[in-house]
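Structure assessment
One letter stands for each residue in the lines below.
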Amino acid sequence: QETLADQQLSTKEVIDLRKRVVDLELELERSRAEEEQLGQAAEAASAASTKEIAFLKDLLNQETQARELAEETANERKIVERGLQAQVVTLQRTALEREADMRDQSTTIVALQRDLDAARALNKDLQSRDVYELSTQ
């Protein structure tokens, strides 16, 4: 009887072991499928990261170019500003010189007008004397 019981136990153990093997094989298949999915996800993430890195590098290059352009524009603006300031100074100097010339011309015109008025008065006086002398002769 012990032998039969031992055999039955052995058969039961064999069946349990076979079930366990089947369960382990199924678990192994699930693990492999999960591993495959994880590998594909890792590849997709890597590709996305590569694209993102390329995008960020491109964005950085664009930012660098924009900054360089802004610096060039600022430098050009400073050059134009200095040129305009020099022109303003020149124009102010020219305006002051013209103003001084106009004052001199105005002074000259006033003096000439005075001389003209004096000459007319003298001429009138001389004409009056001539008329008086002619009338007394």
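Our structure is the block above this text.
Predicted model only: the values in this text are computed from it and were never measured.

Quick word on the overall build of the chain
Within the chain, the regular secondary structure consists of one helix and zero strands. Taking 2.2 N^0.38 as the reference for a compact globule, 137 residues should give roughly 14 Å; the C-alpha atoms of the chain span a radius of gyration of 57 Å, well beyond that estimate. Oriented by its inertia axes, the alpha-carbon framework of the chain measures out at about 195 × 20 × 15 Å. Residues classed as buried in the chain amount to 0% of the 137 residues present. For the chain, the computed accessible surface area is about 12,900 Å², with 56% contributed by carbon and sulfur atoms. On the chain, the mean spot of the 19 positive side-chain charges and the mean spot of the 29 negative ones are 7 Å from each other.

Observations regarding the pattern of salt bridges
Between side chains of opposite charge, a pair can form when the charged atoms approach closely. Counted by the stated rule, this structure contains four salt bridges. Between Glu 29 and Arg 32 there is a salt bridge; the shortest N-O distance is 3.6 Å. Of this pair, Glu 29 and Arg 32 are both found in helix 1 (residues 2-136), three residues apart, which corresponds to roughly one turn of the helix. For Glu 29, a relative accessible area of 47% translates into the label partly exposed. Linking Glu 99 and Arg 103 is a salt bridge whose minimum nitrogen-to-oxygen distance equals 3.2 Å. Highlighted residues: Glu 99 and Arg 103, both in helix 1, separated by four residues, approximately one helical turn. Its relative accessible area of 42% is what places Glu 99 among the partly exposed residues.

Some words on a negative patch on the surface
On the surface, Glu 68, Glu 71, Glu 72 and Glu 76 cluster together to form a negatively charged patch. A residue is classified by how much of its surface remains accessible, and Glu 71, at 45% relative accessible area, is partly exposed.

Quick word on the environment of Gln 87
With respect to the helices, strands and loops of the structure, Gln 87 is situated in helix 1. Judged by its relative accessible area of 48%, Gln 87 falls in the partly exposed class. Distance in space between the C-alpha atoms of Gln 87 and Glu 76 is 16 Å, their sequence separation being 11 residues.

Structural notes on a nonpolar patch on the surface
On the surface, a cluster of nonpolar side chains totalling about 300 Å² of accessible area is made up of Phe 55, Leu 56 and Leu 59. Structurally, the position occupied by Leu 59 is in helix 1. For Leu 59, a relative accessible area of 41% puts it in the partly exposed group.

Rules used in this analysis
Residues numbered from 1 in each chain as written. Predicted model: local features only at pLDDT ≥ 70, side-chain atom pairs only at ≥ 80, totals over all residues. Heavy atoms only, no water. Helix = DSSP H or I, 4+ residues; strand = E, 2+ residues; numbered from the N terminus. Rg over C-alpha atoms; globule rule 2.2 N^0.38 Å. Buried < 20%, exposed > 50% of the residue type's maximum accessible area, 1.4 Å probe, protein only. Areas by Shrake-Rupley, 256 points an atom, 1.4 Å probe, with all protein chains shown as cover. Lys, Arg positive; Asp, Glu negative; His and termini not counted. Charge placed at Lys NZ, Arg CZ, Asp CG, Glu CD. Salt bridge = Lys/Arg side-chain N within 4 Å of Asp/Glu carboxyl O. Patch = residues over 30% accessible without salt bridge, like charges linked within 9 Å, V, L, I, M, F, W, Y side chains within 5 Å.

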